[in-house]
Amino acid sequence: MKRLFQVLYNFYAILLYLILMVLVSPLILASTLFSQPVKGNVIFVACKYWSSVWFVLVGIRYKKISLQPELVREPCIFVANHRSYLDVVSLVRLIDRPTRVLARHDIAELPLLGHFYGQAVVSVNRDNPMDKAASVIAISEALAQGLSIFIFPEGTFNESSDSLSSFYSGAFKMAIDNGVPIQPVLFLDNLDRMSPLGFLKLSPGVSRTVIMRKIDVKGYTKKDVSRLKDMVWNQMSDQILKYQNGCV
């Protein structure tokens, strides 16, 4: 009976996913009438409404925990842990201003969907030095336009038993180069809600997002990238462990 419920629930979740995508598609199609950055902003807003409704209808209770009064208002670089596909849904559910996500290049190459996806993210191929350089330029341009950037500094899913896997340096170097603060974010329950295997492992329940205190990079130079990266990693790891151990 439990297995049957899981199958039916996942079928229901996928069906809702498709229906909601169809409902927001007119807004996404309307975005083609605009140029950047408005086009990407419209797509981001459409995804935000989609994620908010989908969470409610599949029984995922979104809970925001703020360790500071509010999200950073100025352009910033968001950094978060990454353990589940649900993290992407959570981030658009959380953020209340136009933002671009640094994302895998291969999804942007998909027919149709990839075109719209590519308008609302900064795609990167870490195996291609020229592509990495182009993404750095695109991020700097987005920040100059008043947009924020969302990066998973682990690069991919953390499938280890550790609270965090090691960070790439890119997010921290870009924060220093562009003089923008870092806003750490934690997704605490998304691995329990949806495993990296995808929709077939979805389950209802709470999904907590923790907004940590922002980190100002004023006074940091390129020589401080590793120190900044290690400091942010330690703060995020310590906070995850506190929640896992029930200390907060």
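Everything below is about the structure shown above.
Residues numbered from 1 in each chain as written. Predicted model: local features only at pLDDT ≥ 70, side-chain atom pairs only at ≥ 80, totals over all residues. Heavy atoms only, no water.

### Some remarks on the overall build of the protein
A tally of helices and strands in the protein yields 8 helices and 7 strands. Out of the 248 residues in the protein, the part that is buried amounts to 47%. Across the protein, contacts joining residues at least 24 apart in sequence account for 74% of those joining residues at least 6 apart. When the accessible area of the protein is evaluated, it comes to approximately 12,900 Å², of which 61% is carbon and sulfur surface. (Helix = DSSP H or I, 4+ residues; strand = E, 2+ residues; numbered from the N terminus. Buried < 20%, exposed > 50% of the residue type's maximum accessible area, 1.4 Å probe, protein only. Contact = heavy atoms within 4.5 Å. Areas by Shrake-Rupley, 256 points an atom, 1.4 Å probe, with all protein chains shown as cover.)

### Quick notes on the pattern of salt bridges
Oppositely charged side chains are able to pair whenever their charged atoms sit close together. In this structure the tally under the stated criterion is 5 salt bridges. Ionic pairing is found between Asp96 and Arg97, a salt bridge with its closest N-O pair at 3.1 Å. Exposure remark for Asp96: the relative accessible area of 42% places this residue in the partly exposed category. Of the residues examined, Arg97 reaches a relative accessible area of 9% and is grouped as buried. With its nearest N and O atoms 2.8 Å apart, the salt bridge here joins Arg208 to Asp189. Of this pair, Arg208 sits in strand S7 (residues 205-211) while Asp189 is found in the loop between strand S6 (182-187) and helix H7 (190-193), placing the two residues 19 residues apart along the sequence. (Salt bridge = Lys/Arg side-chain N within 4 Å of Asp/Glu carboxyl O.)

### Description of the nonpolar core
If you look at the biggest cluster of nonpolar residues, it comprises 37 residues, and the most contacted ones within it are Trp54, Leu91 and Phe150. Breaking this core down by element, the ones donating at least two residues are helix H1 (2-30), helix H2 (38-57), strand S1 (60-66), strand S2 (77-80), helix H3 (86-94), strand S3 (99-104) and S6. With near-sequence residues (within four places) excluded, Phe150 lies in contact with Phe78, Ala80, Leu91, Ile95, Thr99, Arg100, Val101, Leu102 and Phe187. One finds Leu143, Met174, Ala175 and Val180 within the second-largest nonpolar core, a separate group that totals 34 residues. (Core = buried A, V, L, I, M, F, W, Y, C linked by side-chain atoms within 4.5 Å.)

### A short note on the packing of aromatic side chains
The final tally for this structure, using the stated rule, is 10 aromatic pairs. Judged by centre distance (6.1 Å) and plane angle (15 degrees), the rings of Phe5 and Tyr9 are stacked. With Phe5 and Tyr9 both in helix H1 and 4 residues apart, this pair spans about one turn of that helix. Residue class for Tyr9 comes out buried when judged on its relative accessible area of 8%. Note on Phe55 and Tyr62: the rings are 6.2 Å apart at their centroids and 55 degrees apart in plane angle, and the pair reads as tilted. The pair Phe55 / Tyr62 is uniform in exposure class, with both members buried. Taken together, the ring pairs connect Tyr17, Trp50, Trp54, Phe55 and Tyr62 into an aromatic cluster. (Phe/Tyr/Trp six-rings, centres within 6.5 Å; stacked < 30°, edge-to-face > 60°.)

### Some thoughts on H2
The α-helix winds at 3.6 residues per turn, so residues separated by three or four positions along the chain end up facing the same way. Its 20 residues give H2 an end-to-end C-alpha distance of 29 Å, which sits within 8% of 28 Å, the value for a rise of 1.5 Å per residue. Listing the buried residues of H2 in full gives Lys39, Gly40, Asn41, Val42, Ile43, Phe44, Ala46, Trp50, Ser51, Trp54 and Phe55. Directly after H2, the chain includes Gly59, whose backbone phi takes a positive value near 80 degrees. (Expected span 1.5 Å × (residues − 1).)

### Quick look at the environment of Pro196
By the element assignment, Pro196 lies in the loop between H7 and S7. The partly exposed category is assigned to Pro196, whose relative accessible area is 24%. When sequence neighbours within four positions are dropped, the list of residues in contact with Pro196 reads Arg83, Tyr85, Phe157 and Leu191.

### Here we look at the pairing of S2
A regular strand places its side chains so that they alternate between the two faces of the sheet. Alternating positions in S2 separate into two faces, Ile77 and Val79 on one and Phe78 and Ala80 on the other, with burial throughout. Looking at chain direction, S2 and strand S5 (residues 148-151) are connected through 3 bridges and run parallel. Pairing of Phe78 across the sheet is with Phe150, part of S5. Note that S2 and S6 share 4 bridges and pair parallel. (Pairing = 2+ DSSP bridges.)

These results come straight from atomic positions and should not be treated as a statement about function.
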